[in-house]
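A look at the structure
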Amino acid sequence: MQPAAVPSDRHGDIASTVVATMRQLGVLGLPRNYEIFYEALSGSNHELSLAVVSLSNRPTQEDIDRIGRTFFPQHHGPAIVEHAREVVAKELEDIAALLRSERSHVEKYGRILDETSSGLSNRSLLSQDLLQKIAGAMSAATSSTLDHNRQIASTLSEKTAELESVKSKLEEYKRLANTDPLTQIWNRRAFDKEITRIYNSNRGILFNALILADIDRFKDINDRYGHPVGDKIIQIVAEIFQSSVRADMFVARTGGEEFALIVEGASEDTTYEIAERVRVLIEQTPFTSSQTGMNYGTVTVSMGICMASEADTPEDLYTKADRALYRSKISGRNRVTRHSSMAGRAGKGWLLYKKD
């Protein structure tokens, strides 16, 4: 596949390139197709770009959906699960048939043993010729049974391997469904599960904290340099978050330019120090183009902290951390605010704002 040329003007709208490329390849203008080509042509996901480039000049919808299932499983979940269900049902049906066949074979072998036992019990009829026939029949029946058992064992082994493959694919789907495709860290779906888990026990409430972070003036970055640059900045910020905290800490991209970090087993002061360290690292990181060398200037983030013990529910925890984040924004940006330090912390009016 040869995609349409990307406009040389970095301010150009990549959307026109995406539409032109899809039209050139005869790809239907479906939202899921647009997402694939947008991510591929923006260059934010190298493996996805290679997969799209490898398409034929007239790819089928199944070819494109195959890429979608790999890189955007959250949009293909029902189909993936349904396919796995069909495979599992078929394999279980085959296994049941094998077991029925094995039972039939064992019952037949049992009848042969019974008949042989009856023949041997009548000593008056025994002769060398009869004994040889009985021995031959027993040998053939035993050999046939052993061969049948080996065949059953081999087939069951194959069925087990196929079921393991389905299990592995489902586990991979689960992982991808919880992963943000742009940054490869946890996504909002995984975050919602994790923040809910905190309130499943008293220990979780006592020993967890939430840090929310939002890239400052991100709309200005997109407007000035274009969305591909904005996506790259999001990726770099995500890498800083991931690499500057303990491996067991939960880091997610919860929205466009917003990130969340769940800290377990740390005091409020330690949680603040973690947030401050990440904030400084982002501020000190040079954001430049590896291709053109262009400097995009200093990128900063504003953060808000709330301890789980300060909130009653997962929603309350998120709301209060969000209020602290907003306080950082209106106080000059590029800073960390603790919810516990805010006066008049109650009040739902805090949510009625628009971030930059």
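Overview of the structure. Keep in mind that this is a model prediction, so the values were computed, not measured.

**Some details on the overall build of the protein chain**
Counting its regular elements, the protein chain contains 12 helices and five strands. Taken over 356 residues, the protein chain has a buried fraction of 42%. Counting only contacts in the protein chain whose residues sit at least 6 apart along the sequence, the fraction spanning at least 24 positions is 66%. Looking at the protein chain as shown, the accessible area adds up to about 19700 Å², and 53% of this sits on carbon and sulfur atoms.

**Things to note about helix H4 (residues 61-71)**
Taken residue by residue, H4 has Ile64, Asp65, Ile67, Gly68 and Phe71 as its buried positions. Axial view of H4: buried residues confined to an arc of 155 degrees, hence all on one face. Next to the buried residues of H4 lie helix H2 (31-42) and helix H3 (46-53).

**Brief notes about unusual backbone geometry**
The phi angle of most residues is negative, glycine excepted, and most peptide bonds adopt the trans form. Of note in the backbone geometry, glutamine 184 takes a positive phi value of approximately 65 degrees without being a glycine. Relative to the elements of secondary structure, glutamine 184 occurs in the loop between helix H6 (128-177) and helix H7 (188-198). Here arginine 217, not a glycine, exhibits a phi torsion of approximately 50 degrees, which is positive. Residue position: arginine 217 is located in the loop between strand S1 (208-215) and helix H9 (218-225).

**A closer look at the packing of aromatic side chains**
Inspection of every chain in the model, using the stated rule, returns five aromatic pairs. When the centroid spacing of 4.8 Å and the interplanar angle of 70 degrees are considered together, the rings of tyrosine 225 and tyrosine 296 count as edge-to-face. With tyrosine 225 in helix H9 and tyrosine 296 in the loop between helix H11 (268-284) and strand S4 (301-307), this pair connects stretches of sequence that are 71 residues apart. Residue class for tyrosine 296 comes out buried when judged on its relative accessible area of 16%. Above the face of the tyrosine 318 ring, arginine 188 is positioned so that its terminal group lies 4.9 Å from the ring centre. Sitting over the ring of phenylalanine 207, arginine 203 keeps its end group 5.2 Å from the ring centre.

**Some thoughts on the environment of serine 328**
Mapping serine 328 onto the fold places it in helix H12 (residues 314-330). Owing to a relative accessible area of 0%, serine 328 belongs among the buried residues under this scheme. With 27 residues separating them in the primary sequence, serine 328 and valine 301 have C-alpha atoms 9.3 Å apart. If we ignore the near neighbours within four places in the chain, the residues touching serine 328 are Ser302, Met303, Arg333, Arg335, Val336 and Thr337.

Cut-offs used in this document
Residues numbered from 1 in each chain as written. Predicted model: local features only at pLDDT ≥ 70, side-chain atom pairs only at ≥ 80, totals over all residues. Heavy atoms only, no water. Helix = DSSP H or I, 4+ residues; strand = E, 2+ residues; numbered from the N terminus. Buried < 20%, exposed > 50% of the residue type's maximum accessible area, 1.4 Å probe, protein only. Contact = heavy atoms within 4.5 Å. Areas by Shrake-Rupley, 256 points an atom, 1.4 Å probe, with all protein chains shown as cover. Arc of directions from axis to C-beta. Phe/Tyr/Trp six-rings, centres within 6.5 Å; stacked < 30°, edge-to-face > 60°. Lys NZ or Arg CZ within 6 Å of the ring centre and 35° of its normal.

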